Amino acid sequence: MRRTERYPVEGANSLWHIYKTVPFWKVAKNFLVIQTARYTPFLPLKNWLYRKFLGMKVGKETSFALMVMPDLMFPERIQVGANTVIGYNTTILAHEYLIEEYRLGDVLIGDRVMIGANSTILPGIKIGDGAIVSAATLVHKDVPAGAFVGGNPMKIIYTAEEMADR
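As a starting point, this report considers the structure included with it. (Residues numbered from 1 in each chain as written. Predicted model: local features only at pLDDT ≥ 70, side-chain atom pairs only at ≥ 80, totals over all residues. Heavy atoms only, no water.)

Time to look at unusual backbone geometry. A negative phi angle characterises most non-glycine residues, just as the trans form characterises most peptide bonds. In the segment running from Asn152 into Pro153, the intervening peptide bond is cis, with an omega of 5°. Structurally, Pro153 is set in the loop between strand 16 (148-150) and strand 17 (155-158). Backbone geometry at Asn89 places phi at a positive 60°, although glycine is not the residue there. Following the sequence through the fold, Asn89 ends up in the loop between strand 6 (85-86) and strand 7 (91-92). Owing to a relative accessible area of 29%, Asn89 belongs among the partly exposed residues under this scheme. (Helix = DSSP H or I, 4+ residues; strand = E, 2+ residues; numbered from the N terminus. Buried < 20%, exposed > 50% of the residue type's maximum accessible area, 1.4 Å probe, protein only.)

And the structure:
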C-alpha cells in the first residue's frame, strides 16, 4: 500500500476545493518554475530551480530529461537521489485529487535509479537504489532496490538477484 495521508471533502469533488488545500500563488509560482525547467537543456540549472524555488531534494548529478513534470502543488514532497535519470515526459505526483477525498504522499527515488520515458509515479512511492523503471510504466507501488520493473500496472520483471545473474 502506498504511504499517503487522506483528507476527506464534502460537496463538490476535491479538485473543486483546490485552493483550500494549496495557495493559488504557490501554484502559480510552481507552474512558472516547472515550465521553465521542462524546456531548459541545462541540467545543473534545472536542479537548481527545483531545489531553490520548489523545495525538492535533488541529489548530485541527477538528470531530469526534457519535459519531466514534477508535482505542481506539492513538489517539496519529492526527493531524488544522486546520479539518477528521470526520463522524457515522466510525471512525478505527490498528490491525488479524487471525488470524496484528496491524498498526499512523499515520493522517494533512490540513487542511481533509471526511470524510462513517459512513466508516471504516484504519491507515496519509494523507488530503491539502482532500480530500473521501463518506459511508460505506472509506478503504483514501491520498487525494491536493484529491481527492473515495467508495465501498466507495474510488475517486477527481474529482482536485484535475477539482474545480478544476468
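Let us now look at the sheet that holds strand 12 (residues 120-121). The four strands are arranged 4-7-12-15 in an open sheet whose pairing can be described as parallel. In this open sheet, the two edge strands, each paired with only one partner strand, are strand 4 (69-70) and strand 15 (138-139). Pairing analysis gives two bridges linking strand 12 to strand 15, with the strands arranged parallel. The residue of strand 15 that forms the bridge with Ile121 is Val139. (Pairing = 2+ DSSP bridges.)

Attention shifts here to the nonpolar core. If you look at the biggest cluster of nonpolar residues, it comprises 41 residues, and the most contacted ones within it are Phe64, Ile109, Ile121 and Ile127. The set of elements that each furnish at least two residues to this core consists of helix 2 (24-39), helix 3 (43-54), strand 5 (78-80), strand 9 (101-104) and strand 10 (107-109). Element by element, the count of residues in this core is highest for helix 2, at four residues. In contact with Ile109, not counting residues within four places along its chain, are Gln79, Val80, Gly81, Thr84, Ile86, Ile92, Ile115, Ile121 and Ile127. (Core = buried A, V, L, I, M, F, W, Y, C linked by side-chain atoms within 4.5 Å. Contact = heavy atoms within 4.5 Å.)

Bringing the environment of Thr91 into the picture now. Position of Thr91 relative to the elements: it lies in strand 7. In this structure, the C-alpha to C-alpha distance between Thr91 and Met69, residues 22 residues apart in sequence, is 4.7 Å.

Interaxial distance between helix 2 and helix 3 falls to 9 Å at its minimum, and their mutual angle equals 170°. Judged by the angle between their axes, helix 2 and helix 3 are roughly antiparallel. Contacts between helix 2 and helix 3 pair Lys29, Asn30, Val33, Ile34, Thr36, Ala37 and Arg38 from the former with Lys46, Leu49, Tyr50, Phe53 and Leu54 from the latter. Its residues assigned to classes, the contact of helix 2 with helix 3 shows seven nonpolar, two polar and three charged. (Axes fitted to C-alpha atoms, helices over the stretch in contact; angles between N-to-C directions. Parallel < 35°, antiparallel > 145°, perpendicular 65-115°, else oblique. Nonpolar A, V, L, I, M, F, W, Y, C, P; charged D, E, K, R; others polar.)

Between its first and last C-alpha atoms helix 2 spans 23 Å; for 16 residues at 1.5 Å apiece the expected length is 22 Å, and the two agree. Buried residues of helix 2: Val27, Asn30, Val33, Ile34, Ala37 and Arg38, and no others. Along the axis of helix 2, the buried residues cluster in a sector spanning 135°; they form a single face. For helix 2, exposure combined with an orientation more than 90 degrees from the buried face picks out Trp25, Leu32 and Tyr39. Buried residues along helix 2 sit against helix 1 (18-21), helix 3 and strand 4. (Expected span 1.5 Å × (residues − 1). Arc of directions from axis to C-beta.)

Within the secondary structure, Thr159 is located in the loop between strand 17 and helix 4 (160-165). For the pair Thr159 and Ala131, spaced 28 residues apart in sequence, the C-alpha to C-alpha distance is 9.3 Å. In contact with Thr159, not counting residues within four places along its chain, are Gly146 and Ala147.

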